[in-house]
Amino acid sequence: MARTKKEEAPDYDRDAWEYVTYAPGHKCSACMRTVKPLEVVLRGVTERASGASAVVYRHYTCPKIEAVAS
């Protein structure tokens, strides 16, 4: 099923993330860029109404979030 509207990435405090890891090939939930092999990411879980929880990754210093904070 295709999504008609792009959903906003959930806002998380860095303390809400499970741990720091590497996840090459996955997409950052904030900027939607593919994570490179040595980029540090935060791993978290988001609840979905239609099924099981989904794992999400976000750059530790995401360019999109840094631009908004400035």
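Whatever comes next refers back to the structure up there.
This text gives an overview of the structure that appears in the document. Within any chain, residue numbers begin from 1 and follow the written order of that chain's sequence. The predicted nature of this model means local features are confined to residues of pLDDT at least 70 and side-chain atom pairs, given and counted, to a pLDDT of 80 or more, with totals for whole chains, interfaces and linings taken over all residues. Water and hydrogen atoms were dropped before computing side-chain values, which therefore reflect all heavy atoms in the structure.

**Description of the sheet that holds strand S2 (residues 40-46)**
Point 1. In this analysis, strands are considered paired if DSSP registers two or more bridges between them. Going along the chain from the N terminus, every DSSP run of H or I of four or more residues is numbered as a helix, and every run of E of two or more is numbered as a strand. Pairing within the open sheet is antiparallel, and its 3 strands lie in the order S1-S2-S3. With one partner strand each, in any of the chains shown, strand S1 (19-22) and strand S3 (54-59) form the two edges of the open sheet. Each strand of the sheet is rotated relative to its neighbour by a mean of 45°, with strand direction disregarded.
Point 2. Looking at chain direction, S2 and S3 are connected through 6 bridges and run antiparallel. Across the sheet, Thr46 pairs through a bridge with Ala54, a residue of S3. Axis definition: a line fit to C-alpha positions, over the contact stretch in the case of helices; interaxial angles, taken between N-to-C directions, run 0 to 180 degrees.

**Remarks on the environment of Cys31**
Point 1. As for its placement among the helices and strands, Cys31 is situated in the loop between S1 and S2.
Point 2. Sequence spacing of Cys31 and Cys62 is 31 residues, and the spatial spacing of their C-alpha atoms is 7.2 Å.
Point 3. Setting aside residues no more than four positions away along its own chain, Cys31 makes contact with His59, Cys62 and Lys64. Here a residue-residue contact requires only that any non-hydrogen atoms of the pair lie within 4.5 Å.

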